[in-house]
Amino acid sequence: MNADFPLDPDVTSTLPLSQALLLPRIAIESTSPVLDGGEFAVKAVVGQVVQVSSKVFTDGHDQLAVTLHWRLASSDDWSAAPMRFVGNDAWSGQFTVPVQGRYVFCIEAWIDRFASFCHELEKKHQAGIPVSLELQEGRILVQHAIELSQGELHEQLQVLLRQLSGLLENEQVALFVHEHSAQLMAQAQHHAYVSLSPEFPVDVERPLAQFASWYELFPRSATDDPGRHGTFNDVLERLPMIHDMGFDVLYFPPIHPIGRSHRKGPNNSLQAGPDDPGSPYAIGSEEGGHEAIHPQLGSREDFRRLVAAAARQGLAIALDFAIQCSQDHPWLKQHPGWFNWRPDGTIRYAENPPKKYQDIVNVDFYAPDAIPSLWLELRDIVLGWIDEGVKIFRVDNPHTKPLPFWQWLIADVRTRCPEVIFLAEAFTTPAMMARLGKIGYSQSYTYFTWRNTKAELAAYFTELNQSPLRECFRPNFFVNTPDINPRFLHESGRAGFLIRAALATMGSGLWGMYSGFELCESAALAGKEEYLDSEKYQIRPRDYGAPGNIVAEIAQLNRIRRQNPALHSHLGLTLYNAWNDNILYFGKRSADGSNFVLVAVNLDPHNAQEAHFELPLWEMGLADDAQTSGEDLMSGHRWTWYGKTQWMRLEPWHQPFGIWRIKPL
């Protein structure tokens, strides 16, 4: 003890020696993909290869062995594969997830005595340093491995030891560092100073959770007469056209009975006429609530027939799950304790200033009488529609309901039915939108609707491809909704609709449109991003073959999406140089590099735009003067590109975008 620095008996170590001796020598850090230290599961789809990376290192110069382990959370059987050292303490590995459900993975690392020996042996031998003693140490390592092994491995290691004993020094070195020797020793030797990471979860869903085209319509408007309420049987007649446009999901706003108290009239007026249908979001009447079907739409058997017919057309039915009630909802009488009543005995209607929803009231999730009965009732409503064949739910304003409720409900439902998909209609703060993804939402509405300039779109596409959003947030690029008539479309004409369709279909694996978009409908309430004569408050028949429609273009865009694996996700999008601030230019490439799609969009709906641009030859390992094959995926035209720098002209009155497949020649 140094007498100049006596120990103070009042000072105790923050880390006792007994604990320090148990700490791992090997550090496993910065593991990816991981969300919030493993608190939430990262997202994947069936068949996906999950790429795992981590920083793994230790003191000194010993060589490490690092293994990736994974399993279904419901199984005790682990699979394993070695990870690959890629430099600077970084290790890389991967595993495939073949079925739906929750997976977990972890990383194991240990000091590889034999690899460390071989590494030192080879360096010394190449430097001309005598290695006779090292060779003796190596044979001792093999002997120890023989003692730890059994069966065929035991015999193979004995053969190795006999071979080593009869070889010259150079031959021994070559045999020690041979891959076969390393494989044998890896199976037998003791793992020294093992470190094990925590288990990290991965939520695996069906591919439709990542790649799908959504089409939204109001079944009551599937009619040729504004005076006649449309039915499920009318929707049946529209299925072939929706299928031919290339959609995978047909989404209905609420199909439940609509209340009469405070019913809204046309254009959200406070006075409704006797024949006005009201907003479908004012759910509930004497005919029933969230479990019931609006009687004018048809019977439950009609709905089942529609679900089955849609499936034959390759269309999945999605329903709106809107947790709100009209003042005629049966719950107000059956379960008054699920609501907050005012001192005068009235109930507060819903508001989102400056918007007012006089025809809607909200439940109180934490009212004493609501726990757990309200939560269980809502879960059972979802399960009831699942029994009717509905496996996709678009959830109205989930950010205004408690996060613990969603975390419980989604986990409970997907435990019973893993193929269920939940889409969050959450136009709110970034942190809340990300959190909804973390707690289980498969996909979400996005800010894409309001990103119009090159700088805005480039920044947003980049953000979606970076952590943590890339691990927890699947963006569904809806180009319009019944609630949102984007300002960009008000005066941009047909070209504006094509611009937004190209950005949505090429920018994300998920996109959606509300019926009328294909007809370039844009009439708005003065000064607002709302539709004039909104379908939320009245029946709106349409002529889907009207002149000026973009039905053919939408069908071709969806066809391009299906035929090109690079477009099956929003991930992997790379921005490239096009020297014009009105042209957004990006590309997507499949994981194996075989499918490479380039997209250029003129963001100006009124004027032709020109630009020089770069072909990303470097990504294909080609020189700047290489020749490549180009194909216009809208027209089928093919050509040869010479060199890296090219020129484009995009005319809004013709086609305001280019979608090209590029291949090396």
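Residues numbered from 1 in each chain as written. Predicted model: local features only at pLDDT ≥ 70, side-chain atom pairs only at ≥ 80, totals over all residues. Heavy atoms only, no water.

**Points about the layout of surface pockets**
Stage number 1. Considering only enclosed or pocket space, the largest pocket measures out at about 1100 Å³ in volume.
Stage number 2. Contributing to the lining of the largest pocket are 35 residues, with Gln 48, Val 49, Ser 569, Leu 571 and Ala 591 lying nearest its centre.
Stage number 3. Among the secondary structure elements, those contributing two or more residues to the lining of the largest pocket are strand S2 (42–45), strand S3 (49–57) and helix H14 (469–472).
Stage number 4. Here the lining of the largest pocket gets five residues from one element, more than from any other, and that element is S3.
Stage number 5. Residues that form the lining of the largest pocket fall into these classes: 17 nonpolar, 12 polar and six charged.
Stage number 6. Both of domain 1 (20–112 + 195–204) and domain 3 (573–664) provide at least three residues apiece to the lining of the largest pocket.
Stage number 7. As for the second largest pocket, its lining consists of 31 residues, and the residues nearest its centre are Asn 352, Lys 355, Tyr 357, Asp 396 and Asn 397.
Stage number 8. Counting residues per element, the ones that place at least two in the lining of the second largest pocket are strand S14 (349–352) and strand S15 (355–361).
Stage number 9. For the lining of the second largest pocket, a count of residues per class yields 12 nonpolar, eight polar and 11 charged. (1 Å grid on protein atoms, 1.4 Å probe; cavity = no way out; pocket = protein on both sides within 12 Å on 5 of 7 lines; lining within 4 Å. Points joined across faces, edges and corners; volume = space filled by probe spheres on them. Helix = DSSP H or I, 4+ residues; strand = E, 2+ residues; numbered from the N terminus. Nonpolar A, V, L, I, M, F, W, Y, C, P; charged D, E, K, R; others polar. Domains from an automatic or database assignment.)

**A short note on the sheet that holds strand S12 (residues 249–252)**
Stage number 1. Across the sheet, eight strands lie side by side as S18-S17-S16-S13-S12-S11-S20-S19; this open sheet has parallel pairing. Each edge of the open sheet is held by one strand with a lone partner, namely strand S18 (443–444) and strand S19 (476–478).
Stage number 2. Bridging between strand S11 (residues 212–216) and strand S20 (residues 510–514) involves five bridges; their strand directions are parallel. Pairing of Ala 212 across the sheet is with Leu 510, part of S20. (Pairing = 2+ DSSP bridges.)

**What about the domain arrangement of the protein chain?**
Stage number 1. Partitioning the protein chain into structural domains gives domain 1 (20–112 + 195–204), domain 2 (114–188) and domain 3 (573–664).
Stage number 2. Computed over C-alpha atoms, the centres of domain 1 and domain 3 are 38 Å apart.

**So, the sheet that holds strand S6 (residues 84–87)**
Stage number 1. One open sheet holds the four strands; their spatial order is S1-S3-S7-S6, and the pairing between them is antiparallel. The open sheet has two edge strands with one neighbour each: strand S1 (27–32) and S6. Taken over all neighbouring pairs, the strand axes of this sheet differ in orientation by 30° on average, direction set aside.
Stage number 2. When S3 meets strand S7 (residues 90–96), the two strands line up antiparallel, connected through seven bridges. Bridge pairing links Val 52 to Gly 93 in S7. (Axes fitted to C-alpha atoms, helices over the stretch in contact; angles between N-to-C directions.)

**Concerning the environment of Asn 480**
Stage number 1. Note that Asn 480 resides in the loop between S19 and helix H15 (487–490).
Stage number 2. According to the relative accessible area criterion, Asn 480 is buried, its value standing at 1%.
Stage number 3. In the structure, Asn 480 is positioned 264 residues away from Glu 216 in sequence and 9.8 Å away in space, judged by C-alpha atoms.
Stage number 4. For Asn 480, the contacting residues outside a window of four places in its chain are Pro 486, Met 513, Tyr 514, Phe 517 and Tyr 531.
Stage number 5. A polar contact is formed between the side chain of Asn 480 and the backbone nitrogen of Tyr 514, at a distance of 2.9 Å.
Stage number 6. Among the polar contacts made by the side chain of Asn 480, one reaches the side chain of Tyr 531 at a distance of 2.9 Å. (Buried < 20%, exposed > 50% of the residue type's maximum accessible area, 1.4 Å probe, protein only. Contact = heavy atoms within 4.5 Å. Polar contact = N/O pair within 3.5 Å; in protein donor to acceptor, adjacent residues only side chain to side chain.)

**Here we look at the packing of helix H3 (residues 132–148) against helix H5 (residues 169–176)**
Stage number 1. The geometry of H3 relative to H5 is characterised by a closest axis approach of 11 Å and an angle of 45° between their N-to-C directions. One element, H3, and the other, H5, form an angle in the oblique class. By crossing handedness, the relation of H3 to H5 is classed as left-handed. Residues Ser 132, Leu 135, Gly 138, Arg 139 and Val 142 of H3 form the contact with H5, whose participating residues are Glu 169, Gln 172, Val 173 and Phe 176.
Stage number 2. Looking at the contact of H3 with H5 residue by residue, the classes come out as four nonpolar, three polar and two charged. (Parallel < 35°, antiparallel > 145°, perpendicular 65-115°, else oblique. Left-handed = near helix turned anticlockwise from the far one by under 90°.)

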